[in-house]
Amino acid sequence: MALQFPKDFLFGTSTSAYQIETAFDHDWLDVKSMDGHIFNSTTDHEQRFEDDAQLIADLAPAYRMSLMWSKLQRAPKATFDAETVKEYHTLLKALKHRNVNIMMVLHHFTNPTWFSQLGGWEKEANIDLWLDFVQQLVAEFGQYVSYWNTFNEPNVYASFGWGIGQFPPFKKNMLTAIKVVKNMGKAHDLAYTLLKKYYPEKPVGISHNCAVFAADNAIGWLPAKLLDHWFMHFVPKHFEQVDFFGMSYYARINHDPLPVTMVTTPDKLINSGKDHDDMWEYYPEGLRETILRYWKQYKKPIIITENGVCTKDDTLRVKAIHDYLQIVHDLLQEGVDIKGYYYWSTWDNFEWALGPTYQFGLYGCDPVTKERIMRPSAMVYASIAHTKSLEVEEVVSKEI
């Protein structure tokens, strides 16, 4: 039996320039990851624009991406670097030549070194510096873009940068984290107005990381509730001026009282008997729960901007594609306005503080040669994305 998606439904894949291009004078440069690798050379995307454009187009008709702020703009309010502009035109033209629908992310966790040295998102005065980047980007590259995504997962960015101190600037101060969220919210609203001035017809949205926070025991109840409030309510309230609500979903995270994950407490998660990938509990129903939560709250069109599994087991990746997309199809039938689904990620990249051994890609990436290696999941997803049709087993009920 085939489940058919709407003709205008966006099937895509998603990446971040910072995780696939060689680092250039930004605040993740030379950061050492948990698996021992250095955030410098990632996947050499900037050396493979034409080949990668073909790979991207073969996988799906849509693509969510970013451009490297630090490489384009090398000083406060500086004119974009001419050679970098030329290179990015090459990439974007290659994608449009292959009829790829582009969603552009304007901020994906990473800042130029000069921006960080000026205080980054802790200072409201710096919003103007980012808006200058946005203004130049939309003027230079807006012609290629169909959807705008201002910030990627500001809840993750603030939590990991100022909450638990695992992202630059590696601080632990929740009062400052709140200030960062408020400044980014103001920047989002100003960027929304700016983008609409240039391209009033092109949708502008946000992307929030969504999770199901649960408790394994009584002492896990309060931490789960507090995290749910911060992550799923407080931060999103600062980004409500949107044409679509973008959301990523990967996991249910249980607490006892600290988070139980494969990264921090693998034995606990394994011994619990719960399904899991290499990072979290594998809980597809959480996608349904979080979509319905935000659909009821905002009644805005929803785009799943990231979804996938971190695993070296491609059988699980194929299963995840089917499990998640059946849920999306169910919700479409129930009247939820879901506009698209972007799989994370197109190929294996540098997974921030964890490193490149944590694998999300439909394609692998050889750590030495950087060759893209097709996985069976790539063929499965490409077939679904281009036909907008998902083959599922039909359940036949028998009356007794």
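An account of the accompanying structure is given in this report. Along each chain, the written sequence defines residue order, and numbers are assigned to residues from 1. The predicted nature of this model means local features are confined to residues of pLDDT at least 70 and side-chain atom pairs, given and counted, to a pLDDT of 80 or more, with totals for whole chains, interfaces and linings taken over all residues. Side-chain figures throughout are based on the complete set of non-hydrogen atoms in the structure, without hydrogens or water.

1. Re a nonpolar patch on the surface
A contiguous nonpolar patch, built from Trp221, Leu222 and Leu226 and spanning about 350 Å² of accessible area, is present on the exposed surface. Going along the chain from the N terminus, every DSSP run of H or I of four or more residues is numbered as a helix, and every run of E of two or more is numbered as a strand. Structurally, Trp221 can be placed in helix 9 (residues 218-234). Only residues whose relative accessible area exceeds 30% and that take part in no salt bridge are eligible for patches, with like-charged residues grouped when within 9 Å of each other and nonpolar side chains (Val, Leu, Ile, Met, Phe, Trp, Tyr) grouped when within 5 Å. In short, Shrake-Rupley with a 1.4 Å probe defines the accessible areas, and a residue's cover is counted only from the protein chains shown. When a carboxyl oxygen of Asp or Glu is within 4 Å of a side-chain nitrogen of Lys or Arg, the pair counts as a salt bridge.

2. As for the nonpolar core
Throughout this description, the term nonpolar core refers to a set of buried Ala, Val, Leu, Ile, Met, Phe, Trp, Tyr and Cys residues connected via side-chain atoms within 4.5 Å. Note on classification: 1.4 Å probe, protein chains only; a residue is buried when its accessible area is under 20% of the maximum for its type, exposed when over 50%, partly exposed between these limits. In this structure, Met104, Trp121, Trp130, Phe141, Trp148 and Tyr341 are the most contacted members of the largest nonpolar core, which totals 129 residues. Two residues qualify as a contact provided that any one of their heavy atoms is within 4.5 Å of a heavy atom in the partner residue. Filtering out sequence-adjacent residues up to four positions away, Trp121 remains in contact with His107, Asn111, Phe115, Ile127, Trp130, Phe151, Tyr157, Lys179, Val180, Asn183, Met184 and Ala187. Grouped together as the second largest cluster of nonpolar side chains are seven residues, Leu10, Phe244, Ile303 and Tyr342 included.

3. Looking at the pattern of salt bridges
In total, this model carries 21 salt bridges according to the counting rule given. Close ionic contact of Lys196 with Asp243 constitutes a salt bridge, the shortest N to O distance being 2.8 Å. Of the two residues, Lys196 sits in helix 8 (residues 174-198) while Asp243 sits in the loop between helix 9 and strand 7 (244-255), which places them 47 residues apart along the sequence. A relative accessible area of 23% means that Asp243 is categorised as partly exposed. With its nearest N and O atoms 3.3 Å apart, the salt bridge here joins Lys237 to Glu240.

4. Points about the layout of surface pockets
Within this scheme a cavity is a closed region of a 1 Å grid, computed over the protein atoms alone, that accommodates a 1.4 Å probe without allowing it to escape, whereas a pocket is open but has protein on both sides within 12 Å along at least five of seven lines; lining residues each have an atom within 4 Å of a point. Grid points are joined across faces, edges and corners, and a volume is the space filled by probe spheres set on the points. Put simply, the largest pocket is a space of about 1200 Å³. Phe160, Ile164, Gln166, Ile253 and Trp280 are, among the 42 residues lining the largest pocket, the residues nearest its centre. Secondary-structure elements contributing two or more residues to the lining of the largest pocket are helix 7 (154-163), strand 6 (204-215), helix 9 and strand 7. When its residues are assigned to classes, the lining of the largest pocket shows 28 nonpolar, 11 polar and three charged. Here the second largest pocket is characterised by a volume of approximately 340 Å³. Lining the second largest pocket are 19 residues, with Thr42, Pro356, Cys365, Asp366 and Pro367 sitting closest to its centre. Looking at the lining of the second largest pocket residue by residue, the classes come out as seven nonpolar, eight polar and four charged. Any residue outside Ala, Val, Leu, Ile, Met, Phe, Trp, Tyr, Cys, Pro, Asp, Glu, Lys and Arg is labelled polar, Gly included; the first ten of those are nonpolar and the last four are charged.

5. Some points on the pairing of strand 9 (residues 302-307)
Judged by how many residues are buried, strand 9 sits mostly within the fold: six of six residues are covered. DSSP bridges decide pairing: two strands pair if at least two such bridges lie between them. For strand 9 and strand 10 (residues 338-344), the ladder comprises three bridges, and the chain directions are parallel. Counted as the bridge partner of Ile303 is Gly340 from strand 10. What joins strand 9 to strand 10 is helix 12 (residues 314-333), and the crossover it makes is right-handed. Look down the strands so they point away from you; if going from the first strand over the helix to the second traces a clockwise path, that crossover is right-handed.

6. Details of the packing of helix 2 (residues 49-59) against helix 13 (residues 376-387)
Fitted lines through C-alpha atoms serve as axes, helices being fitted only where they are in contact, and the angles separating the N-to-C directions of these axes extend from 0 to 180 degrees. Where helix 2 meets helix 13, the axes come as close as 7 Å, and the angle between the chain directions of the two elements is 65°. Contacts between helix 2 and helix 13 involve Ala57, Asp58 and Leu59 from the first element and Ala378, Tyr381, Ala382, Ala385 and His386 from the second. For the contact of helix 2 with helix 13, the class distribution of residues is six nonpolar, one polar and one charged.

7. Let's talk about the packing of aromatic side chains
Any aromatic ring pair is given by two values, namely how distant the centres are and how the planes are angled relative to each other. A pair of aromatic rings is counted whenever rings of Phe, Tyr or Trp (Trp by its six-membered ring) have centres within 6.5 Å, and the orientation is called stacked for planes under 30 degrees apart, edge-to-face for over 60 and tilted otherwise. Inspection of every chain in the model, using the stated rule, returns 41 aromatic pairs. Ring geometry for Trp28 against Phe167: centres 5.0 Å apart, planes inclined by 75°, an arrangement best described as edge-to-face. Here the residue Trp28 occupies a position in the loop between helix 1 (17-20) and helix 2, and Phe167 occupies one in the loop between helix 7 and helix 8, the gap between them amounting to 139 residues. In this pair, the class of Trp28 matches that of Phe167, namely buried. In this structure an aromatic cluster arises from ring pairing among Trp28, Phe39, Phe109, Tyr157, Phe160, Trp162, Phe167, Phe350 and Trp352. As a reminder, the over-ring test applies to NZ of lysine and CZ of arginine, requiring each to be within 6 Å of the ring centre and within 35 degrees of the ring normal. Of note, Lys202 hangs over the ring of Tyr199, and the distance from its end group to the ring centre comes to 3.9 Å.

8. A few points about the packing of helix 7 against helix 8
Contact pair helix 7 / helix 8: the axes reach a minimum separation of 9 Å and the direction vectors enclose 150°. It follows that helix 7 is roughly antiparallel to helix 8 by the angle criterion. The two elements helix 7 and helix 8 cross, and the hand of that crossing is right-handed. On helix 8, the residues touching Pro154, Tyr157, Ala158, Trp162 and Gly163 of helix 7 are Met174, Thr176, Ala177, Val180, Val181 and Met184. Angular relationships are summarised with four words: roughly parallel below 35 degrees, roughly antiparallel beyond 145, roughly perpendicular across 65 to 115, and oblique for the angles in between. By definition, turning the near helix anticlockwise from the far helix through less than a right angle yields a left-handed crossing, and turning it clockwise yields a right-handed one.

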